[in-house]
Amino acid sequence: MTPAKPTHTPPRQVRIPDDEWLPFDQATKAAGTVRAEAVREFIRWYLRQPGAKLPPRPDRAAWAEAPPQT
């Protein structure tokens with residue numbers, strides 16, 4: 001019997017300071033998405049994959065004034 005292939009993507013480590021990561025979380029929520037999906041969309045766009053587009057960005061006012069949520 002063939003071993004089962006993993007059905008998930010293994011986690012990757014990226015070091016991002018809190019003063020960027022926490023506002024990024026707020027901004028992605030304001031855009032109606034999550035950080036991981038925005039990063040994946042950016043990578044697809046950066047690699048020029050067919051049909052890839054930059055992820056949407058919300059207006060700064062939608063997230064910049066909100067206190068950081070942990």
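Worth saying up front: this structure is predicted, and the values here are computed from it rather than measured.

*Asks:* So what exactly am I meant to see when it comes to the layout of surface pockets here?
*Replies:* Over the atoms rolls a probe the size of a water molecule, and in doing so it shows where empty space is left. Here the largest pocket defines a volume of roughly 420 Å³. Every residue lining the largest pocket is listed: Thr9, Pro10, Pro11, Arg12, Val14, Ile16, Trp21, Arg35, Ala36, Val39 and Arg40. Residues of the lining of the largest pocket, tallied by class, amount to 7 nonpolar, 1 polar and 3 charged. As a volume, the second largest pocket reaches approximately 320 Å³. Every residue lining the second largest pocket is counted, 18 residues in all, and those nearest its centre are Phe24, Ala27, Thr28, Pro56 and Arg57.

*Asks:* How should I be thinking about the packing of aromatic side chains in this particular structure?
*Replies:* Given two aromatic rings, one states the distance between the centres and the angle between the planes to describe the pair. Applying the stated rule across the entire model yields 4 aromatic pairs. Their ring planes at 40° and their centres at 5.6 Å tell us that Phe42 and Trp45 sit as a pair that is tilted. Of the two residues, Phe42 and Trp45 are both situated in helix H2 (residues 35-46); the distance of 3 residues between them amounts to about one turn of the helix. Assessed through its relative accessible area of 37%, Phe42 is described here as partly exposed.

*Asks:* Can you walk me through unusual backbone geometry in this structure?
*Replies:* Among all residues save glycine, negative phi is the norm, and among peptide bonds the norm is trans. Phi at Arg48 is positive, roughly 60°, even though this residue is not glycine. As for its placement among the helices and strands, Arg48 is situated in the segment after H2.

*Asks:* Explain a nonpolar patch on the surface to me, please; I cannot follow it from the model alone.
*Replies:* Nonpolar side chains collect at one region of the surface, where Val39, Phe42, Ile43, Trp45, Tyr46, Leu47 and Leu54 lie side by side and expose about 690 Å² of accessible area between them. You can see Val39 is positioned in helix H2.

The rules behind these values
Residues numbered from 1 in each chain as written. Predicted model: local features only at pLDDT ≥ 70, side-chain atom pairs only at ≥ 80, totals over all residues. Heavy atoms only, no water. 1 Å grid on protein atoms, 1.4 Å probe; cavity = no way out; pocket = protein on both sides within 12 Å on 5 of 7 lines; lining within 4 Å. Points joined across faces, edges and corners; volume = space filled by probe spheres on them. Nonpolar A, V, L, I, M, F, W, Y, C, P; charged D, E, K, R; others polar. Phe/Tyr/Trp six-rings, centres within 6.5 Å; stacked < 30°, edge-to-face > 60°. Helix = DSSP H or I, 4+ residues; strand = E, 2+ residues; numbered from the N terminus. Buried < 20%, exposed > 50% of the residue type's maximum accessible area, 1.4 Å probe, protein only. Patch = residues over 30% accessible without salt bridge, like charges linked within 9 Å, V, L, I, M, F, W, Y side chains within 5 Å. Areas by Shrake-Rupley, 256 points an atom, 1.4 Å probe, with all protein chains shown as cover. Salt bridge = Lys/Arg side-chain N within 4 Å of Asp/Glu carboxyl O.

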